[in-house]
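# Summary of the model geometry
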Amino acid sequence: MNKVIKKLFEQAGGNIEVCDVTQDEVLTYTDNFDPELFTGLIINTCMDICENIGTSGDGQVCVDSIRKAFSV
């Protein structure tokens, strides 16, 4: 899973565990997980990416940067 999404998931109260058998990461959540916060964190990250591009880039540059930030 993408490291940015992992970080945001944990900030919203999610847990990431490693499966003993397959060594795959498993996302879990408890009552502490806040889906609205998780969504807001993703949206804020996207806005930060576009803001950091500033006026030097166009919309496609912003889209490409967001795609790169969230790719695995």
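Throughout, residues of each chain are indexed from 1 in the direction in which the sequence is written. Only residues with pLDDT of at least 70 are given local features in this predicted model, and only at 80 or more are side-chain atom pairs given and counted; all residues enter the totals for whole chains, interfaces and linings. As a rule here, side-chain values cover all heavy atoms of the structure and leave hydrogens and water aside.

## Details of the overall build of the chain
- Each helix is a run of DSSP H or I of at least 4 residues and each strand a run of E of at least 2, with the numbering of both proceeding from the N terminus. Per the secondary structure count, the chain includes three helices and two strands.
- In the chain, the order of α-helices and β-strands from amino to carboxyl end is α-β-β-α-α.
- Throughout, the radius of gyration refers to the C-alpha atoms, and the reference size of a globule is 2.2 Å times the residue count to the power 0.38. Its C-alpha radius of gyration of 15 Å places the chain more than 25% over the 11 Å reference for a compact globule of 72 residues.
- The principal-axis extents of the C-alpha atoms in the chain amount to approximately 45 × 25 × 10 Å.

## Quick notes on the nonpolar core
- Of all hydrophobic cores here, the largest spans eight residues; its members are L8, F9, A12, F33, F38, L41, C46 and F70.
- Counting residues per element, the ones that place at least two in this core are helix 1 (3-11) and helix 2 (35-53).
- With three residues, the top contributor of residues to this core is helix 2.
- The criterion used for residue contact is that any of the two residues' heavy atoms lie within 4.5 Å. Once residues lying within four places of it in the same chain are set aside, the contact partners of A12 are N32, F33, D34, L37, F38 and L41. Nonpolar core, defined: a set of buried Ala, Val, Leu, Ile, Met, Phe, Trp, Tyr and Cys residues in which side-chain atoms within 4.5 Å join the residues together. Classification of residues uses two cut-offs on accessible area relative to the type maximum, computed with a 1.4 Å probe and protein chains only: under 20% is buried, over 50% is exposed, and between them is partly exposed.

## A short note on the pattern of salt bridges
- We define a salt bridge as a side-chain nitrogen of Lys or Arg found within 4 Å of a carboxyl oxygen belonging to Asp or Glu. Under the definition given, this model contains one salt bridge.
- Among the salt bridges present, the one from R67 reaches D64, with a minimum N-O distance of 3.5 Å. One end of the pair, R67, and the other, D64, are both in helix 3 (residues 59-70), three residues apart, so they sit about a helical turn from each other.
- Residue class for R67 comes out exposed when judged on its relative accessible area of 53%.

## Re the state of the cysteines
- We call a pair of cysteine sulfur atoms a disulfide when they lie within 2.5 Å. Enumeration over the complete set of coordinates arrives at one disulfide.
- The disulfide bridge from C50 ends at C62, spanning 1.7 Å between sulfur atoms. Given an S-S torsion of about -55°, the disulfide between C50 and C62 has left-handed geometry. Of this pair, C50 sits in helix 2 while C62 is found in helix 3, placing the two residues twelve residues apart along the sequence.
- Between C46, a free cysteine, and C50, which holds the nearest cysteine sulfur, the sulfur-to-sulfur gap is 7.1 Å.

Purely geometric numbers; function is a separate question.
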